Amino acid sequence: MRNFTMLTDLYQFTMMQGFYLLEKDSQETVFDRFYRINPCNGGYSLIAGLEQVINYLENINFSDEDIKYLRSLNLFQEEFLEYLKGFTFTGDLWAMPEGTVAFPGEPLLRIKTKRNEALLIETALSMFLNHESLIATRASRMRWAAGKDFLMEFGLRRAQGADASVYGARAAIIGGFDATSNVLAGQMFDIKVVGTTAHSWVMSFDDELTAFREYARYYPNNIILLADTYDTLNSGVPNAIKLFTELREQNKLGENCKYGIRLDSGDLAYLSKQARKMLDAAGFPQASITASNDLDENLVAELKIQGAKIDSWGIGTKLITSDGCSSFGGVYKMSAEIKDENVIPKIKRSNNVEKITNPGIKNVLRFYDKEYHKIIADIVILEGEENDYNKDIILRDQEHPWQKMTLKENTYIKRNLLEPIFKNGKCVYNKPTLKEIKTYAESELSTLWEEYRRLVNPQTMKVNLSDNLYKLKNDLLFIAENS
């Protein structure tokens, strides 16, 4: 397991030393991780990256080489460096499980631990969750556009680094993809790996038909032929049909044989429709048509509207780099200190209203329509308020208090979204497999009403604050304003 203890910003170390010398390093604090805006102007986010966070927290440990390097910066006292030698994570962590649907403003993760531990882990923890949540969310949008078609992650060579490619592939599976071309990701996470040929395979033979025949000879159960090296409709598809006809006559197109063509250029709507006619006329209605070539969810949706006859999609650059939406804006803010077992709520003020934080130790309650099991609302509550939500519930828009909605008793199901992950520095969470996370994510996405999944101008979920939390927030703002 790689050690990421030093994967943090320098100011975390300088603050940690300051708090250590001031004897404030062991003060128990609570930090929340949340985000403010959905990626891609979407209606939701899909949370991923928790497994990396768990592995990271379990392996925090400064080596002799780490201490030597920090000493070389001439910023740190020997007393502080000696303190780091025995540094580990000893706190508690609650989080939304990977694959959970989330909305802006609600805690995705809550840390309760010593101040210096909370500071050290901020950067790496945020990076893991921001990256994988971004890719998982983008992948789920592509799954929505593609419907039940087969989706393949093809982004390895365009990813910004090895980790981005491997964990991006993992996140794509959580978001709904079926397979990846990334062999290392397949090995690490037991993901189905797929692939056919590049144009160089076809160009390495004297003619296209020979290239197709040789490929089929070595891979008789996966004959997906790249049909656009020379001329898709006048050469590629006719040669593919010739090969399929030969194999059919030899009884080699059995139930276990997947066969078809891949289109990687040109007008994919037109070419796929023409290719489908040619394949069907030749007696190959089962032949698949795969498309690639800088696809994203919007282009996939547009091609479906145009009647493209594509049943398998290879999506690379626009997914693995989240082209057009390059970051997930997750933030990490202190919400409370605990002194003598008393909770002292903390709030960050700002001239930007959206940057004012929610104070206190909080949970997130989600309410589902009992009949359809779709999300009605989320409420951020103060810890201990869960039992206040068992009967009729009035949801008020704090910004527009005249707007309210009543949830009648017996018409909803409620759920606490934050689950315990660490207790006293020990992981108490049974990590699910990637397949289990994907299944869970599918069930989570099914709880969204369709208007929240629209690619353009989706409905947005209003995350409510409990009355007690809303009052606490305003009281703290008033005190700060008048102090």
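Going by the structure above, here's the rest.
Residues numbered from 1 in each chain as written. Predicted model: local features only at pLDDT ≥ 70, side-chain atom pairs only at ≥ 80, totals over all residues. Heavy atoms only, no water.

J.: Hey, could you run me through empty space enclosed by the protein in this one?
T.: Gaps left between atoms are located by rolling a probe of water-molecule size over the structure's atoms. Evaluated as defined, the whole model comprises three cavities of 30 Å³ or more. Approximately 50 Å³ is the volume attributed to the largest cavity. In this structure, the largest cavity is lined by Ile47, Leu50, Ala95, Met96, Leu108, Leu109 and Leu129. Looking at the lining of the largest cavity residue by residue, the classes come out as seven nonpolar, no polar and no charged. (1 Å grid on protein atoms, 1.4 Å probe; cavity = no way out; pocket = protein on both sides within 12 Å on 5 of 7 lines; lining within 4 Å. Points joined across faces, edges and corners; volume = space filled by probe spheres on them. Nonpolar A, V, L, I, M, F, W, Y, C, P; charged D, E, K, R; others polar.)

J.: What is the right way to look at the packing of helix H9 (residues 208-218) against helix H10 (residues 232-249) in this model?
T.: When two helices pack together, their arrangement is given by the angle between the helix axes and by the axis-to-axis distance. Packing of H9 against H10 brings their axes to within 9 Å, and their N-to-C directions diverge by 45°. Here H9 is positioned oblique relative to H10, judged by the angle of their axes. Remark: the crossing between H9 and H10 carries right-handed chirality. Residues Glu208, Leu209, Phe212, Arg213 and Ala216 of H9 touch H10, and the partners they reach there are Ser235, Gly236, Asn239, Ala240, Lys242, Leu243, Glu246 and Leu247. Class assignment of the residues belonging to the contact of H9 with H10 gives a composition of six nonpolar, three polar and four charged. (Axes fitted to C-alpha atoms, helices over the stretch in contact; angles between N-to-C directions. Helix = DSSP H or I, 4+ residues; strand = E, 2+ residues; numbered from the N terminus. Parallel < 35°, antiparallel > 145°, perpendicular 65-115°, else oblique. Left-handed = near helix turned anticlockwise from the far one by under 90°. Contact = heavy atoms within 4.5 Å.)

J.: Help me understand unusual backbone geometry, please; the structure alone is not making it clear to me.
T.: Excluding glycine, most residues fall at negative phi; most peptide bonds, likewise, are trans. For Cys40, which is not glycine, the phi torsion reads 60° and is therefore positive. Note that Cys40 resides in the loop between strand E1 (28-35) and strand E2 (45-46). Its relative accessible area of 17% is what places Cys40 among the buried residues. (Buried < 20%, exposed > 50% of the residue type's maximum accessible area, 1.4 Å probe, protein only.)

J.: Can you help me understand the sheet that holds strand E14 (residues 362-369) in this one?
T.: Note: strands within a sheet are paired through backbone hydrogen bonds, in either parallel or antiparallel orientation. The four strands lie next to each other as E18-E14-E15-E21, forming an open sheet whose pairing is mixed. Since the sheet does not close on itself, it has two edges, and those belong to strand E18 (412-416) and strand E21 (463-465), each with one partner. When the angles between neighbouring strand axes are averaged without regard to direction, this sheet yields 25°. One ladder, built from three bridges, connects strand E15 (residues 375-382) with E21; its direction is parallel. Among the inter-strand pairings, Asp378 is bridged to a residue of E21, identified as Val463. (Pairing = 2+ DSSP bridges.)

J.: Can you help me understand the sheet that holds strand E13 (residues 342-345) in this one?
T.: Pairing within the open sheet is antiparallel, and its seven strands lie in the order E13-E12-E1-E5-E3-E19-E20. Looking at which strands have only one partner, the edges of the open sheet turn out to be E13 and strand E20 (426-427). Of the pairings in the sheet, the one linking strand E12 (residues 330-339) to E13 comprises four bridges and is antiparallel in character. In the sheet register, Glu337 faces E13, and the bridge partner there is Ile344. On top of the sheet, helix H2 (residues 50-58) reaches strand E3 (92-95), strand E19 (419-423) and E20; it is set at about 15° to E19, its chief contact. Relative to strand E5 (residues 109-114), helix H5 (residues 115-146) is tilted by about 155°, and along the sheet it contacts E1, E5 and E12.

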